[in-house]
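For reference, the chains in residue letters:
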Amino acid sequence: MSHETIIVELAPGLSGALKTIARITSVQRTGIHVMAKPLNVGLVGGGKGAFIVHAHQKGIHFDGTRRVVAGALFPDPKVALEEAAAWPYPIKGYGSYDEMIAANAGLPADDKLDYILIVTPNFVHYDPAMKAMKAGIAVFCEKPLCLNLKEASGLVKTSRKLGVPFGVAHTYLGHWTSRFARYIVRRGLLGDVRWVDSYYIQGWLATRLEATGQQQASWRVDPTRAGASGCGGDIGTHALMQLRYVTGLEVTHVAAQMETFVEGRMLDDHFTVYCRLSNGGKALVRASQVCIGHKNDFGIAIAGTRGTLLWRQEESERITIHLPNQPDRVYWRGAVSPGDGFLPKDVPADLLAEPTIPAGHSEGFHDAFARLHRSFESDVRTWKVGRPFNIDGSKYASVEDGWMGVAFIETCVKSKKKHGAWTAMPRGI
Ligand SMILES: NC(=O)c1ccc[n+]([C@@H]2O[C@H](COP(=O)([O-])OP(=O)(O)OC[C@H]3O[C@@H](n4cnc5c(N)ncnc54)[C@H](O)[C@@H]3O)[C@@H](O)[C@H]2O)c1
């Protein structure tokens, strides 16, 4: 890849000596205002065998413009400090997220943590998110946003009132192919959307893994720590988000079946929801954790009046388009030609520039996290220098998107209690 010379934009007030011309790759041209100081991130959760923190922290460090500097990694203060001391690079350890937030609350904006990343089980999302916003720290929070709609509404209202950036980690929006699929569908290239099948199928909970004490399984099957739905909350919310992100349509009504196949479990491990869409179309949002052999089989099929789009997370470098009476078109990340007879000539340049490496050099899960953090960084930097920012959900899920995920789960639970009767979704907050 060729390197290009561009003038780097600096924060107001930085010394003239720093006003330099930097050589950066197109990786860094994708919306970041490169500044002298990397953004500082504090972790909430991530110690002792934790899972998703590791993909996040790789994504945070991807560009050199963000770094993890602190963490409250475990509920027990002593273990939290030990885990921070054992972190693979130096970070400031705190005994609790309360301590970490309080230590930063009074600092000048330049010195305090720029954002916290919440990677705790679902029942420990609301409290640190709320406290961080009140301390003037931006929040990037794992999904589902929180346990229930009361908490979710509180988070949306506080983020709006205080004007603090808030993102939700719906990982798969970070694939370039998801963003390209969004462009194709919202530009009307498939015609009107008639039918969507958004599915997330796994098999890792096909047995009572939680009985072995397996960490990730244990809290996911417990309603007090996971919320009102197991499988639906954990991965059904990703399937809903992918549908909404790509199509721009809302689910207006649901008819939900929430099954528990593995005996002794309190929450669903299989989740099937027939949906009415805001344009009159229909959709299936389905998820399962008991389908042996399916690893992370997440995908979406969107059928419109002119064609169908297929995307699968396990092959996330490409999108397939079916058009009537034509051979299939396969679009690879980084290798698309506007004006090819399907794509218009005016595909946005910033979308085309977003891949980090040329086609054929694979991107994947970690790149998706990096793209989310890169986009969040851009909004946090804008906020930090006092400029207006607009989290519109086009680059990562907003707190309102998180709210919609929680609303979806609550509406599905209501429908399930009425034996799958059609039930209206709230319109939004
Ligand atoms: N976006 C994705 O693709 C994705 C994938 C997996 C998990 N997740 C979400 O990420 C979150 C974490 O999931 P996971 O699988 O990594 O869980 P995990 O059990 O592997 O890790 C959770 C971590 O939080 C810590 N923790 C719990 N309470 C704490 C507290 N009070 N203070 C500090 N740390 C605390 C635990 O000790 C552990 O380190 C969940 O909300 C889950 O839904 C998202």
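Values in this document were obtained by computation on a predicted structure and should not be read as measured data. (Residues numbered from 1 in each chain as written. Predicted model: local features only at pLDDT ≥ 70, side-chain atom pairs only at ≥ 80, totals over all residues. Heavy atoms only, no water.)

A. Layout of the nonpolar core. In this structure, Phe166, Phe180, Ile184, Leu309 and Phe408 are the most contacted members of the largest nonpolar core, which totals 111 residues. Broken down by element, the residue count for this core peaks at nine residues, all from helix α12 (residues 399-417). (Core = buried A, V, L, I, M, F, W, Y, C linked by side-chain atoms within 4.5 Å. Buried < 20%, exposed > 50% of the residue type's maximum accessible area, 1.4 Å probe, protein only. Helix = DSSP H or I, 4+ residues; strand = E, 2+ residues; numbered from the N terminus.)

B. Examining the pattern of salt bridges more closely. According to the stated counting rule, one finds 31 salt bridges in the structure shown. When the shortest N-O distance is used, the salt bridge between Glu82 and Lys78 registers 3.0 Å. In this pair, Glu82 and Lys78 both sit in helix α2 (residues 77-85), four residues apart, roughly one turn of the helix. Among the residues examined, Glu82 registers a relative accessible area of 41% and is labelled partly exposed. Here Arg333 ties to Glu317 by a salt bridge, and the two come within 2.8 Å at their closest N and O atoms. You can see Arg333 sitting in the loop between β16 (329-332) and α10 (349-352) and its partner Glu317 sitting in the loop between β14 (308-312) and β15 (318-322), a full 16 residues away along the chain. (Salt bridge = Lys/Arg side-chain N within 4 Å of Asp/Glu carboxyl O.)

C. Main features of the pairing of strand β10 (residues 251-259). Note: β10 against strand β11 (residues 270-277), eight bridges, orientation antiparallel. Bridge assignment links Ala255 to a residue of β11, and that residue is Tyr274. Pairing geometry for β10 and strand β18 (residues 423-424), over two bridges, is antiparallel. Within β18, the residue paired with His253 across the bridge is Ala424. (Pairing = 2+ DSSP bridges.)

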